[in-house]
Amino acid sequence: MDHIMFALITSGILALSFVLATILKYKFTAKKKCLLGRHVMVTGGSSGIGKCIALEAAKIGANVTIVARNKNRLRSALEEIKGQCLNNDQKFNYLSVDLAGDYNVVKTTFNNAVDDMGPLCLFVNCAGLAICGTLEDISINDIMKMINNNLISTIQATKAIVNEMKQNGYGSIVITSSLASFCGVYGLSVYSATKFALRGFAEALSMETKNFGLKVTLALPPDTDTPGYANELKDKPLETLLISETAKLFTPEEVGRKILQDTLDGCFFSAIGFEGHLMTISCSGMAPFTSYLELICQVFCTGIMRLIIVYYQSTFDKIIKKCKLDREQLKNNKT
Ligand SMILES: NC(=O)C1=CN([C@@H]2O[C@H](COP(=O)(O)OP(=O)(O)OC[C@H]3O[C@@H](n4cnc5c(N)ncnc54)[C@H](OP(=O)(O)O)[C@@H]3O)[C@@H](O)[C@H]2O)C=CC1
Ligand SMILES: CCCCCCCCCCCCCCCC(=O)[C@@H](N)CO
């Protein structure tokens, strides 16, 4: 009798895992198919995270348009992206435009690209930059640069395409924010402000588009080893470096792949790493949930997470105090 039971249970488990594996395989393959021959546009696609998202989209058969200002970087990035194409029918294009510049130029440029490449299935906002430093140390010029390139560029680019995508009745829009949109970080005051703003923008856009068949994904990368990241290291206070590295450093390939995967899954939050996922649970606020598992985690874990956050805040306070003391000691030694 026991042998029969054992055989029945074992075959039941095997059958269940086979069905599960088939569903998951079909699910992901189906998702990969949904970009086959479809038009994907990536702003900031000539470098870093945006370029990696464009590469991933090319690998699964999408027609890809990348958008940035510098033509040389656009051309070399497009050659790299073409090299990843799935078939010879795919089309590739680049647009050189300042997304924070004249809105009518942005709108006309995008309309021409859609005429050439077809209706948009996925629109990724990935243009942006970080300039680090305490508020008294960063110039008004750098403040305006972050507001323009992180916030105005995303608002203008999205405004230029949202109505047409709503009329089409399908597609996804990605807003690339940062973990700094959940946590104001020493030395990233203005940058965090632009990224917090993008969170509100994404939540409102999600409400405005959900009844038109569109999905919005808010990408929340941690430190990512891109040319932009290398550039921000130049002025980055030690406090900013030590606090940010709590959420680890990832490659743009890892981050780009995760953002595309979460977008195709229809997730609102796209996060990577242990801290990133914890923050999407503890800081969910009024964001839409995309799975009941996610909702259950948020409902039952947010309270206790507050204690974990307080612990992290105490470690950040220690970092800031120690850096201040070390700086003062260095100054005294010099005098
Ligand atoms: N790297 C990181 O640690 C993290 C990055 N992020 C965010 O991810 C996004 C990409 O970052 P990352 O890959 O590091 O950046 P990179 O500097 O590597 O790439 C930025 C891209 O945006 C383009 N761009 C910038 N401003 C404009 C503009 N006004 N109009 C058109 N294109 C523009 C740049 O091209 P060009 O200069 O030629 O215009 C480039 O293609 C940014 O929004 C950043 O804030 C979020 C968290 C962490
Ligand atoms: C339960 C909750 C756990 C709490 C974990 C706390 C971790 C917070 C760290 C903040 C990381 C900010 C990274 C910003 C990256 C970025 O955008 C810059 N590279 C600029 O580009």
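That block above? That's the structure.
Sequence order sets the numbering: in each chain, residues are counted from 1 along the sequence as written. Just so you know, chain letters begin at A and ligand numbers begin at 1, following the order they were written in. This being a predicted model, a pLDDT of at least 70 is required before a residue's local features are given, and a value of 80 or more before pairs of side-chain atoms are given or counted; all residues contribute to the totals for chains, interfaces and linings. To get the side-chain values, all heavy atoms of the structure are used, and hydrogens and water are removed first.

J.: I tried to follow the side chain of Thr109 on my own but got confused; where do I start?
T.: The residue Thr109 is located in helix α4 (residues 103-117) in this model. Polar contacts, as counted here, are pairs of nitrogen or oxygen atoms within 3.5 Å of one another; within protein the pair requires one atom able to donate a hydrogen and one able to accept it, and residues that are adjacent in sequence qualify only if both atoms are side-chain atoms. Of note is the side chain of Thr109, whose polar atom sits 2.5 Å from the backbone oxygen of Val105. Those residues within four positions of Thr109 in sequence are excluded, and the remaining contacts are Leu95 and Val97. The helix count covers DSSP runs of H or I at least four residues long, the strand count covers runs of E at least two residues long, and both are numbered beginning at the N terminus. Contact between two residues is taken to exist if any of their heavy atoms lie within 4.5 Å; hydrogens are not considered.

J.: Would you take a moment to explain the sheet that holds strand β9 (residues 269-270) for this structure?
T.: Working definition: the strands of a sheet are paired by backbone hydrogen bonds and lie parallel or antiparallel to each other. Pairing between two strands is assigned when DSSP locates at least 2 bridges connecting them. Read across the open sheet, the seven strands follow the order β3-β2-β1-β4-β5-β6-β9; overall the sheet is parallel. Two strands bound the open sheet, and with one partner strand each, they are β3 (92-96) and β9. Pairing analysis gives four bridges linking strand β4 (residues 120-125) to strand β5 (residues 171-176), with the strands arranged parallel. Within the sheet, the bridge partner assigned to Phe123 lies in β5 and is Ile173.

J.: Where do I start with the site of ligand 2 in this structure?
T.: Whether a residue is near a molecule or strand depends on its heavy atoms: if one lies within 4 Å, it is near. Taken together, 15 residues lie around ligand 2, and Ala130, Ser178, Tyr191, Asp223 and Glu232 are the ones closest in. Here an oxygen atom of ligand 2 sits 2.7 Å away from a polar atom, N or O, in the side chain of Ser178. In the environment of ligand 2, a nitrogen atom lies 2.9 Å from a nitrogen or oxygen atom belonging to the side chain of Glu232. Computed with a 1.4 Å probe, the accessible areas rest on the Shrake-Rupley method; for each residue, only the protein chains presented here act as cover. Considering ligand 2 on its own, with 600 Å² of exposed area, one finds that the protein chains cover 95% of that surface. For the shell around ligand 2, the secondary-structure elements that each account for two or more residues are α7 (227-232), α10 (274-282) and α11 (292-334). Among the elements that line the shell around ligand 2, the one with the most residues is α11, at four residues. Split by residue class, the shell around ligand 2 holds 11 nonpolar, one polar and three charged. Throughout, the ten residues Ala, Val, Leu, Ile, Met, Phe, Trp, Tyr, Cys and Pro are labelled nonpolar, Asp, Glu, Lys and Arg are labelled charged, and all others, Gly among them, are labelled polar.

J.: Help me out: how do you make sense of the packing of aromatic side chains in this one?
T.: For any pair of aromatic rings, the description rests on two quantities: the centre-to-centre distance and the angle between the ring planes. Paired rings are identified among Phe, Tyr and Trp, the last through its six-membered ring, by centres lying within 6.5 Å, and are further divided according to the angle between planes into stacked (under 30 degrees), edge-to-face (over 60) and tilted (the rest). Applying the stated criterion across every chain yields a total of six aromatic pairs. Ring plane angle 55 degrees and centroid distance 6.4 Å describe the contact between Tyr312 and Phe316, whose orientation is recorded as tilted. One end of the pair, Tyr312, and the other, Phe316, are both in helix α11, four residues apart, so they sit about a helical turn from each other. Burial classes follow relative accessibility: with a 1.4 Å probe on protein chains only, a residue under 20% of its type's maximum area counts as buried, one over 50% as exposed, and anything between as partly exposed. In this structure Tyr312 comes out as partly exposed when scored by relative accessible area, which is 21%. Site record: aromatic cluster; members linked through ring pairs are Phe182, Phe268 and Phe269. Throughout this description, the term charge over a ring refers to an Arg CZ or Lys NZ atom that lies within 6 Å of the ring centre and within 35 degrees of the ring normal. Lying across the ring of Tyr170, Arg38 places its NZ or CZ 5.0 Å from the centre. Seen from the ring of Phe212, Lys166 lies directly overhead, with NZ or CZ sitting 4.5 Å from the centre.

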